[in-house]
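# Survey of secondary and tertiary structure
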Amino acid sequence: MVKPSFTFKPRFYEIDGQGVMFNMWYLGYVDEAIDVFFVDQGLPYAEWRDLGFDVHVVHAELDWSAGVRARDFTEILVSTSRIGGKSFTLDFAFRRNGEIACTGCIVYAVVSTDGHGTIPLPGRLVEALGEVQSLRG
């Protein structure tokens, strides 16, 4: 079972005229949740550059079944859904008041910090990514 990586309640200014969190805020919250995911996995982002790598987002998907509303207690679940040679995919799900409201994924390409483009996933990163477990269908 995947534990929540991050919890929040939407702020007033994040709610649109339809009474739900405006779509652009979702990926901002996913960034927060992924940061916490890697801290919990023992590899905080602050250590990546010293290890000679970083990541670039190359693809993102979001699918809504409901909107997160004002004052909804919201949890974001994060899990590794794919580990490739030079990229990996993290799934995420927004759960509000126990109900899944939005799912998605982000594909990251691993790049060298010395400017030499994409590189194979470093061992420390593979360890931190952990077990592959999809959150999407």
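Note that the structure is a prediction, hence the values are computed from the model and not measured.

On to the pairing of strand β3 (residues 74–83). Summarising burial for β3: eight of the 10 residues are buried, a large majority. Direction of pairing for strand β1 (residues 4–8) relative to β3: antiparallel, over a ladder of four bridges. Paired with Pro4 across the two strands is Leu77, which belongs to β3. Across nine bridges, β3 lies against strand β4 (residues 87–96) in antiparallel orientation. When the bridges of β4 are listed, Thr74 appears paired with Arg96. Once β3 ends, the chain turns through three residues before running back antiparallel as β4.

Membership of the largest hydrophobic core comes to 31 residues, with the highest contact counts inside it found for Ile34, Phe38, Ile76, Phe88, Leu90, Phe94 and Leu125. Looking at this core, the elements with two or more residues in it are β1, α1 (24–40), β2 (53–64), β3, β4, β5 (99–112) and α2 (123–129). When neighbours within four sequence positions are excluded, Ile76 is seen to be in contact with Pro4, Ser5, Phe6, Phe8, Tyr29, Val30, Ala33, Phe92, Ala93 and Phe94.

Applying the stated criterion across every chain, the model contains nine salt bridges. Of the charged contacts in the structure, one is a salt bridge between Glu99 and Arg96, with a shortest N-O distance of 2.8 Å. Residue Glu99 is classed as partly exposed on the basis of its relative accessible area, which comes to 38%.

So, how was this worked out
Residues numbered from 1 in each chain as written. Predicted model: local features only at pLDDT ≥ 70, side-chain atom pairs only at ≥ 80, totals over all residues. Heavy atoms only, no water. Buried < 20%, exposed > 50% of the residue type's maximum accessible area, 1.4 Å probe, protein only. Helix = DSSP H or I, 4+ residues; strand = E, 2+ residues; numbered from the N terminus. Pairing = 2+ DSSP bridges. Core = buried A, V, L, I, M, F, W, Y, C linked by side-chain atoms within 4.5 Å. Contact = heavy atoms within 4.5 Å. Salt bridge = Lys/Arg side-chain N within 4 Å of Asp/Glu carboxyl O.

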